[in-house]
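Observations on the model geometry
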Amino acid sequence: MRRPAIEAAGVGATEAGDMALARRALARDPDAVRAIIKTHNQRLYRIARGVVRNDAEAEDVVQEAYMRAFSSLAAFRGEASLSTWLSRIVINEALGRLRKRRRIVAMPENPEARIIPFPLNASDDPERTMAQRQILGLVERATDSLPDVYRSVFVARVIEGLSIEETADLLGVRPETVKTRLHRARSLVRKALDDEIGPVLLDAFPFAGRRCERLTRAVMEGLGFEP
């Protein structure tokens, strides 16, 4: 089935914009490099965090993925969007970390370890802010408890908002597999979450402000640009 002309034109414009930005970054235009990093930080961090289940390691994954991506930017041909291309690199890096971790003898978990709540939007109502933190804590723990194959689909579809086709393309599986895994993931999450907290999922796993600036600065310095 042919895509509507307007939709096709929109996709084409996005692809052309990605290629133009990639060419500028390949020519070591610092504004283009910074634009790529800041545009994709949020999505890439969420994807990495969904795989490795650790804040600090997710940042390391994204930073390493950026270094790999910018060192091989000439290989970007625009067959997929720049976002999808970068997401695949992050997925591969994150999965590589998991495989390496599993080869190491597992240490017992610290029962006193605590989850550091993600920053929220400022609020003048401290009780509401605390309630939001508690809800996001439930979201984070419920997501982290999912088996790997379900968690990656859940993060991509529900938290990041990718379509079935985009998720399938990102993870290298069939759309039918995405649907099956997503159904199972949602069933597991529902055991820990009340249906009414669904709208707050979009605020889970944020990556902005100082954290975004810090990662952007680290990647730019790693690529040899002056701070």
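The notes below deal with the structure included here. Here the residue numbering is sequential within each chain, running from 1 through the sequence in written order. The predicted origin of the model limits local features to residues at a pLDDT of at least 70 and limits the giving and counting of side-chain atom pairs to 80 or more, whereas totals for whole chains, interfaces and linings rest on all residues. Values reported for side chains reflect all heavy atoms of the structure, with hydrogen atoms and water molecules removed beforehand.

**Here's the deal with the packing of aromatic side chains**
Operational definition: Only Phe, Tyr and Trp rings take part, Trp by its six-membered ring, and two of them pair if their centres are within 6.5 Å. Stacked means planes under 30 degrees apart, edge-to-face means over 60, and tilted covers everything else. Helix and strand labels come from DSSP, where a helix needs a run of H or I of at least four residues and a strand needs a run of E of at least two; each type is numbered from the N terminus.
Within the structure shown, the criterion is met by two aromatic pairs. For the pair Tyr66 and Phe70, a centre-to-centre distance of 6.1 Å together with 20 degrees between the ring planes defines the contact as stacked. Within this pair, Tyr66 and its partner Phe70 are both found in helix α3 (residues 55-71), separated by four residues, close to a single helical turn.

**So, the environment of Arg211**
Just so we agree on the cut-off: When a residue's accessible area, from a 1.4 Å probe over protein chains only, is under 20% of the maximum for its type it is buried; when over 50% it is exposed; and in between it is partly exposed. Counted as a polar contact is a pair of N or O atoms within 3.5 Å, where, for protein atoms, one must be capable of donating a hydrogen and the other of accepting one, and residues adjacent in sequence contribute only when both atoms are in side chains.
Position of Arg211 relative to the elements: it lies in helix α9 (residues 209-222). Assessed through its relative accessible area of 16%, Arg211 is described here as buried. As for Arg211 and Asn41, which are separated by 170 residues in sequence, their C-alpha atoms are 9.6 Å apart. Within the local environment of Arg211, its side chain forms a polar contact with the side chain of Tyr45, the two groups lying 3.0 Å apart. A distance of 3.5 Å separates polar atoms of two side chains, one belonging to Arg211 and the other to Glu59.

**Things to note about α9**
Put simply, the test is: In this scheme, a helix's expected span is set at 1.5 Å multiplied by one less than its residue total. Read the arc as the range of directions from the helix axis to the C-beta atoms. It only takes one pair of heavy atoms within 4.5 Å for two residues to be counted as in contact.
Given a rise of 1.5 Å per residue, 14 residues ought to cover 20 Å, and the 20 Å separating the end C-alpha atoms of α9 matches this to within 8%. Here α9 has its buried residues at Arg211, Cys212, Leu215, Thr216, Val219 and Met220. Across the axial projection of α9, the buried residues extend over an arc of 160 degrees, all falling on one side. Those residues of α9 that are buried are in contact with α2 (30-52) and α3. Looking at the residues trailing α9, positive phi occurs at Gly224, about 95 degrees.

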